[in-house]
Amino acid sequence: MTSSSDRSLAVDVQAPKSYEIRTYGCQMNVHDSERLSGLLEDAGYVRAPEGSDGDADVVVFNTCAVRENADNRLYGNLGRLAPRKASRPGMQIAVGGCLAQKDRDTIVKKAPWVDVVFGTHNIGKLPILLERARVQEEAQVEIAESLEAFPSTLPTRRESAYAAWVSISVGCNNTCTFCIVPALRGKEKDRRTGDILAEIEALVDEGVSEITLLGQNVNAYGSGIGDREAFSKLLRACGQIEGLERVRFTSPHPRDFTDDVIAAMAETPNVMPQLHMPLQSGSDPVLKAMRRSYRQERYLGIIEKVRAAIPHAAITTDIIVGFPGETEEDFEQTLHVVREARFAQAFTFQYSKRPGTPAATMEDQIPKQVVQARYERLVALQEEISWEENKKQVGRTLELMVAEGEGRKDGATHRLSGRAADNRLVHFTKPDQEVRPGDVVTVEITYAAPHHLLAEGAVLDVRRTRAGDAWEKRTAEKAAKPAGVMLGLPKIGAPAPLPVATGSGCGCD
């Protein structure tokens, strides 16, 4: 017989709702998804088990509007979830990000089973909108026209214990004809320097040893207050933070790249010898049509100054092939810049129309077969240069920050992977002693491929770090809880070195 007290103990406690986030697009979206995770977990949700693939109580799509066929991809994924939602009472689907900002009510019209649509400026409203949709039993579409609160004030569930993004600005003041980002992200707004440094110091206290300063146009930081040296001052201030070993930033614009930034990079020991500098085209007429406010001479001048100040810097870039009106002579000028600049890696994109951009309606759209042929020539040239530049690393002794899950074949080859100071990916022989992500190893490079290096000999030194301690602590805590799932995002922390792309991408920097 069960007593009344026993029955009171048997009251069913509702299990917390699970969530899954699917992220598309740029680093800004990746970092926004960290915030969305933090918001949902703050509201009592838990991450869905690994391999759930849409079998969560809440599925959030954080979308990109600049990639080719972004809308087709979204609606295809939403369509696949429709029958699952119909068979699962209480399941909710939310769509946010740039495509949501652009399409707004269209999303609910095309996919009426979507519960929430929110924009780039009001990601902090997601938990409230989900609850409102549940109570009112109707879709909630809320798109703010301007930023309601700087996103970094929101809760954040960071994907790495040892490396982190730190947003210093949002939005963009440029008007590049191929890019819709300014229309969706709004005008540039900068964070207070004190708030940025306070966030970095808090991250370092938690064990983070590498940060990447993030902005749509990161080196325009300070333009709103008329301080053209604000970004270089910020880099130097990062150099004063004890325990912060590596500082990176992405993506700068050649227009705003000043000599004081180069000096700050060269003179601040923890600012890494790595620069991602979008080119887009080597042709002055094409750059003008793109509304890029620099020309070939200016671009190559920046590269020359960086190399003079930081001889071992690895420079990467973005290039668009087949922009409307691009002639063979224009394309040859792009190849010329690639030969002169000798990029370590490049993101190369075949131009494709982005709805809502001026370039989409320009005359002289280049035939697909011409774009493809030029693209293949560019990729072949860049592959050759990347390999030659990587071969120069053979015989060098490098310090690597051990990474988590960078090498897909590491398990089979009994290797680990890490990032050099210049962000090159290095696979190295696993040492006898324990090495954790976030720790630092010293190795000698023995072999070079176009997109990675090998250190096949014994590890020369292992330095256990606070970042490694933080990774170990987080891993132990995760093991004590139900298994979680990553967001399907790129690795957080320092972005991977930008390989030659095999398909179209954002190219909006």
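Computed from a predicted structure; not experimentally measured.

Rules and cut-offs
Residues numbered from 1 in each chain as written. Predicted model: local features only at pLDDT ≥ 70, side-chain atom pairs only at ≥ 80, totals over all residues. Heavy atoms only, no water. Helix = DSSP H or I, 4+ residues; strand = E, 2+ residues; numbered from the N terminus. Buried < 20%, exposed > 50% of the residue type's maximum accessible area, 1.4 Å probe, protein only. Contact = heavy atoms within 4.5 Å. Areas by Shrake-Rupley, 256 points an atom, 1.4 Å probe, with all protein chains shown as cover. Pairing = 2+ DSSP bridges. Right-handed = clockwise from strand over helix to strand, strands pointing away. Salt bridge = Lys/Arg side-chain N within 4 Å of Asp/Glu carboxyl O. Phe/Tyr/Trp six-rings, centres within 6.5 Å; stacked < 30°, edge-to-face > 60°. Lys NZ or Arg CZ within 6 Å of the ring centre and 35° of its normal. Core = buried A, V, L, I, M, F, W, Y, C linked by side-chain atoms within 4.5 Å. Axes fitted to C-alpha atoms, helices over the stretch in contact; angles between N-to-C directions.

Q: Account for the overall build of the protein chain, with residues named and values stated.
A: From N to C terminus, the protein chain includes 16 helices and 21 strands. A buried classification covers 57% of the 509 residues belonging to the protein chain. Here the contacts in the protein chain between residues at least 6 apart in sequence split such that 76% fall between residues at least 24 apart. Here the protein chain displays about 22100 Å² of accessible surface, and carbon together with sulfur accounts for 51% of that area.

Q: Which residues make up the pairing of strand E1 (residues 18–23), and what values go with them?
A: Among the six residues that make up E1, six are buried, leaving the element largely enclosed by the rest of the structure. Every second residue of E1 is oriented toward a common face, with Ser18, Glu20 and Arg22 on one face and Tyr19, Ile21 and Thr23 on the other, all of them buried. Both E1 and strand E2 (residues 46–47) contribute to a ladder of two bridges, which runs parallel. Paired with tyrosine 19 across the strands is arginine 47, a residue of E2. In terms of handedness, the path from E1 via helix H2 (residues 27–42) over to E2 forms a crossover that is right-handed.

Q: Pulling in residues and values, what's your account of the pattern of salt bridges?
A: Opposite charge on two side chains lets them pair, provided their charged atoms get close. The tally for this structure, following the rule as stated, stands at 32 salt bridges. The partner of glutamate 332 in a salt bridge is arginine 377, with the nearest N and O atoms 2.8 Å apart. Of the two residues, glutamate 332 is situated in helix H13 (residues 328–341) and arginine 377 in helix H14 (residues 368–391); the sequence distance between them amounts to 45 residues. Judged by relative accessible area, arginine 377 falls into the partly exposed class, the value being 34%. Each of Glu434, Arg436, Asp439, Arg464, Asp469 and Glu472 takes part in one network of salt bridges that share partners.

Q: Provide a residue-level description of the packing of aromatic side chains, including the pertinent values.
A: Overall, the coordinates contain five aromatic pairs when judged by the stated rule. Measuring from ring centre to ring centre gives 6.4 Å for tyrosine 299 and phenylalanine 343, while their planes differ by 70°; the resulting arrangement is edge-to-face. Linking tyrosine 299 in helix H12 (residues 296–309) with phenylalanine 343 in the loop between H13 and strand E14 (345–350), this pair joins segments that are 44 residues apart in sequence. Pair check on accessibility: tyrosine 299 and phenylalanine 343 agree, each one buried. Site record: aromatic cluster; members linked through ring pairs are Tyr294, Tyr299 and Phe343. Taking the ring centre of tryptophan 387 as reference, the NZ or CZ of lysine 391 above it sits at 4.4 Å.

Q: So what's going on with the nonpolar core? Which residues, and what values?
A: By size, the foremost hydrophobic cluster in this structure holds 56 residues, and its most contacted members are Ile200, Leu213, Leu235 and Phe257. When residues of this core are assigned to their parent elements, the largest contribution, six residues, is made by H14. If sequence neighbours within four positions are ignored, leucine 235 has contacts with Leu213, Val247, Phe249, Val261, Ala264, Met265, Thr268 and Val271.

Q: Could you give an account of unusual backbone geometry, naming the residues involved and the relevant values?
A: In this model, threonine 250 is joined to serine 251 through a cis peptide bond whose omega is -10°. By secondary structure assignment, the location of serine 251 is in the loop between strand E11 (246–250) and helix H10 (259–267). In this structure, glutamine 280 takes a positive phi of about 75° despite not being glycine. Mapped onto the secondary structure, glutamine 280 falls in the loop between strand E12 (274–276) and helix H11 (284–290). With a phi close to 80°, asparagine 423 is a non-glycine residue in the positive phi region. Inspection of the secondary structure puts asparagine 423 in the loop between strand E16 (415–419) and strand E17 (425–429). Residue classification places asparagine 423 among the buried residues on the basis of a relative accessible area of 1%.

Q: Describe the sheet that holds E12, with residues and values.
A: As summarised here, the arrangement of the three strands in space is E12-E13-E14, forming an open sheet in which the pairing is parallel. In the strand order of this sheet, the two ends are held by E12 and E14, each with one partner. Neighbouring strand axes in the sheet, compared pairwise and without regard to direction, differ in orientation by 10° on average. Alignment of strand E13 (residues 314–321) against E14, held across six bridges, turns out to be parallel. Directly across from aspartate 318, in E14, lies its bridge partner phenylalanine 347.

Q: Which residues make up the sheet that holds strand E3 (residues 58–63), and what values go with them?
A: The six strands lie next to each other as E2-E1-E3-E4-E5-E6, forming an open sheet whose pairing is parallel. Two strands close off the open sheet at either side, each with one partner strand: E2 and strand E6 (140–142). Relative to E6, strand E5 (residues 116–118) is paired through three bridges, and the arrangement is parallel. Paired with valine 116 across the two strands is glutamine 140, which belongs to E6.

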